[in-house]
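# Coordinates in review
Listed below are the residues making up each chain.
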Amino acid sequence: MLTYLALLDMLDVSDVVLVGNSFGGWLAAEMALRRSRRVASVALLNAVGIDTGSPARTIVDPMTVPTR
């Protein structure tokens, strides 16, 4: 994720809109939380790994989910 922020700096882009789905949503959220001046907004779609703070909605460890 830090590599992607460094790439934005290297390309000297601004007002970037991050869009992330699933694991990409987690990465986009982490990038946005770094408060880069290059990131203007974030759209998250079904992002994994986001802690909602609700005990009823705990983060699932993918290694514990049984296979079908």
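Please read these numbers as outputs of a predicted model, since none were measured by experiment.

## Observations concerning the pairing of strand 1 (residues 16-21)
For a regular strand, side-chain orientation follows a simple rule: the groups alternate between the two sheet faces. Here strand 1 shows one buried face, formed by Val 16, Leu 18 and Gly 20, and one open face, formed by Val 17, Val 19 and Asn 21. For strand 1 and strand 2 (residues 39-45), the ladder comprises six bridges, and the chain directions are parallel. Each bridged residue has a counterpart across the sheet, and for Val 19 the counterpart in strand 2 is Ala 43. For the crossover that starts at strand 1, traverses helix 2 (residues 23-33) and ends in the parallel strand 2, the hand is right-handed.

## So, the packing of aromatic side chains
All told, the structure shown has one aromatic pair when counted by the stated rule. Both rings, one in Phe 23 and one in Trp 26, keep their centres 5.8 Å apart while their planes meet at 75°; by these two values the pair is edge-to-face. Highlighted residues: Phe 23 and Trp 26, both in helix 2, separated by three residues, approximately one helical turn. Judged by relative accessible area, Phe 23 falls into the partly exposed class, the value being 49%.

## Side note on the pattern of salt bridges
With the rule as written, the count across this model stands at two salt bridges. Between Arg 38 and Asp 9 there is a salt bridge, with its nearest N and O atoms 2.8 Å apart. In this pair, Arg 38 is assigned in the loop between helix 2 and strand 2 and Asp 9 in helix 1 (residues 2-11), connecting sequence segments 29 residues apart. Asp 9 gets classed as partly exposed once you look at its relative accessible area, which sits at 42%. Given a relative accessible area of 6%, Arg 38 falls into the buried group. The network of salt bridges with common partners includes Asp 9, Asp 12 and Arg 38.

Criteria and thresholds
- Residues numbered from 1 in each chain as written.
- Predicted model: local features only at pLDDT ≥ 70, side-chain atom pairs only at ≥ 80, totals over all residues.
- Heavy atoms only, no water.
- Buried < 20%, exposed > 50% of the residue type's maximum accessible area, 1.4 Å probe, protein only.
- Helix = DSSP H or I, 4+ residues; strand = E, 2+ residues; numbered from the N terminus.
- Pairing = 2+ DSSP bridges.
- Right-handed = clockwise from strand over helix to strand, strands pointing away.
- Phe/Tyr/Trp six-rings, centres within 6.5 Å; stacked < 30°, edge-to-face > 60°.
- Salt bridge = Lys/Arg side-chain N within 4 Å of Asp/Glu carboxyl O.

Shape is all these values report; function is a separate question.
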